[in-house]
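So you can see what is in the structure, the chains are spelled out below.
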Amino acid sequence: MPSPITLRTAGDERNAETIHLHPGGFPQGWVIRHQPARAPDQTPAGLSGGQRSVSKYPHNLALDCYTHSLVAFRITLVPEKPVDVAMLLRDVMTPLPMRAGWGQDMAWPYPGIPKTLVAELAGYEVAGLPFFPIETVTTDHGSVYENHHLVEVQRVIGANIVPSRVMRPTGKQACEMAFGSIQSLLFEQLPGFRGVDAADRGADPGGDAVLTLAEMETLAATWIVQVWQNRKFGEYGPCWDPGGDHSPDTLFAAAMAQGGFSLEIPRPRLYYELLPAHHVKIHRARGVKILGLWYDGPALKDLRGTVSSRGAEHKRSWVIRSDRRDARTVFFCDAEHQWHELRWTGLPAEGEIPSFNGAGVTELLSEAKAQGLRPKSDAELLPLLLKLLGAHIPVGQ
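Read on for an overview of the structure.

Calculation criteria
Residues numbered from 1 in each chain as written. Predicted model: local features only at pLDDT ≥ 70, side-chain atom pairs only at ≥ 80, totals over all residues. Heavy atoms only, no water. Helix = DSSP H or I, 4+ residues; strand = E, 2+ residues; numbered from the N terminus. Buried < 20%, exposed > 50% of the residue type's maximum accessible area, 1.4 Å probe, protein only. Areas by Shrake-Rupley, 256 points an atom, 1.4 Å probe, with all protein chains shown as cover. Pairing = 2+ DSSP bridges. Axes fitted to C-alpha atoms, helices over the stretch in contact; angles between N-to-C directions. Expected span 1.5 Å × (residues − 1). Salt bridge = Lys/Arg side-chain N within 4 Å of Asp/Glu carboxyl O. Parallel < 35°, antiparallel > 145°, perpendicular 65-115°, else oblique. Left-handed = near helix turned anticlockwise from the far one by under 90°. Contact = heavy atoms within 4.5 Å. Nonpolar A, V, L, I, M, F, W, Y, C, P; charged D, E, K, R; others polar. Phe/Tyr/Trp six-rings, centres within 6.5 Å; stacked < 30°, edge-to-face > 60°. Core = buried A, V, L, I, M, F, W, Y, C linked by side-chain atoms within 4.5 Å.

### Some points on the overall build of the chain
The helix and strand tally for the chain stands at 11 helices and 11 strands. Looking at the chain as a whole, 44% of its 397 residues qualify as buried. Put simply, the chain shows about 20,900 Å² of open surface, and 54% of that area lies on carbon and sulfur atoms.

Here it is, written out as structure tokens:
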């Protein structure tokens, strides 16, 4: 196994113009590698995640190692964050809903549990993609996996998130084979495919990319359910039936017949419980301050100026959770375990403004400081925010 220095040197010499090295030494345009986990009883409990880019969309995938099912995916416009990994794990445990235009051949196909029962519990018609509680996830050593947020996610979902062995290929072959298959079967057929280096791409891949984010997400979901899950393994079938005609769907059905299936659908509040937590005080007049902005709502009416009964490390502090992909709102859970939305106090009473994320908040506060602004309320920051948003995307669009 070459040393990290050799890998960095080889990657840089391969294509210094188009490949940007990951801090760990691997080319960012290739694969952020992940070691798949395998449960001792070989039931569909181990996952591995990864990322590969098509045009400008990073794809985050979750792979079940036993059946090789692509049980969850996420498509984002920016590199993944810890909250994206948390929501990817939530997607693994949540049934995939049927989409417009999908036929009954893409509905829940697994014997033993009627699709009507699954649809009744989920509240919608379920597509033919496995979902199950997570036992073990083996990840890379990137900062999106090694942080306090993912430690809390591990506690909430009851899973073991284990870092992979450094510089060891054992267990990674499932991911590498999956990435190669996905590239040849799907990514290479899409407009704007960039390839692994300059020799694999067209003259203008950026100009060829015509898929919107919603179209790309629908295309990926359709391909996974209709093609990948029914793809035959051939000579790469399971050792207990080498001559069988197996696919990810048939292997999952066999695992259900052998070890049973735990029909658990996450409760809706799991979304809020997987968001990053902020431990703050409630101001009498302004509400709560999260990462530089003030948020308020009717749920705080009877709690202003009070302290929480929480002890230990965050003694007397209230817990507020935020999804920094949309910084217009944060979320608060009251004593009756009901979740409430707290709006940014700078939002107008009527109408909507474009969403902005955590990076937009940082840019807004930096620009306000550079201009010497000392607003008495966040409402005075709204014109500056609209100006910054308009510099990237005209508000009229």
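### Some points on the sheet that holds strand β6 (residues 277-280)
Taken together, six strands build an open sheet; the order of strands is β6-β9-β10-β11-β8-β7 and the sheet is antiparallel. Both edges of this open sheet fall to β6 and β7 (288-290), since each of them pairs with a single strand only. The sheet shows a mean angle of 40° between the axes of neighbouring strands, taken without regard to direction. Of the pairings in the sheet, the one linking β6 to strand β9 (residues 318-322) comprises four bridges and is antiparallel in character. Across the sheet, the residue bridging to A277 is R321, located in β9.

### Looking at the environment of L386
Along the chain, L386 falls in helix α11 (residues 382-392). With relative accessibility at 30%, the residue L386 sits in the partly exposed group. Placed 32 residues apart in sequence, L386 and P354 show a C-alpha to C-alpha distance of 8.4 Å.

### Notes on helix α2 (residues 82-93)
Because each turn of an α-helix spans 3.6 residues, side chains separated by three or four positions in sequence point in the same direction. Along its 12 residues, α2 runs 17 Å from first to last C-alpha, staying within 8% of the 16 Å computed at 1.5 Å per residue. Among the 12 residues in α2, 10 count as buried, and that is most of the element.

### Examining the pattern of salt bridges
Scanning the entire structure with this criterion turns up 11 salt bridges. Residues R325 and D84 are paired through a salt bridge, measuring 3.4 Å at the closest nitrogen-oxygen approach. Taken together, the residues span a long stretch of sequence, with R325 in the loop between β9 and β10 (329-333) and D84 in helix α2 at a distance of 241 residues. Its relative accessible area of 32% is what places R325 among the partly exposed residues. Classification of D84 as buried rests on a relative accessible area of 6%. The network of salt bridges with common partners includes D84, D323 and R325.

### Remarks on the packing of α2 against helix α4 (residues 148-157)
It is at 9 Å that the axes of α2 and α4 come closest, and there the two elements cross at 20°. Between α2 and α4, the angle falls in the class roughly parallel. Every pair of crossing elements has a handedness; the one defined by α2 and α4 is right-handed. Two secondary-structure elements touch here, α2 through P82, V83, V85, A86, L89 and M93 and α4 through H149, L150, V153 and I157. Split by residue class, the contact of α2 with α4 holds nine nonpolar, one polar and no charged.

### Structural notes on the packing of aromatic side chains
For the structure on display, the rule yields 14 aromatic pairs. When the ring of W108 is compared with that of F131, the centres are 5.5 Å apart and the planes differ by 50°; the resulting orientation is tilted. One end of the pair, W108, is in the loop between α2 and α3 (115-122); the other, F131, is in the loop between α3 and β4 (136-139), with 23 residues separating them in the sequence. Here the two residues W108 and F131 agree in accessibility, since each one is buried. With 5.2 Å between their ring centres and 70° between their planes, Y271 and Y272 make a pair best called edge-to-face.

### Looking at the nonpolar core
L89, V92, W108, I134, V153, I157 and L274 are the most contacted members of the largest nonpolar core, which totals 36 residues. For this core, the elements supplying multiple residues, two or more each, are β3 (69-75), α2, α3, α4, α8 (248-259) and α9 (270-273). Those residues within four positions of I157 in sequence are excluded, and the remaining contacts are L89, M93 and L274.

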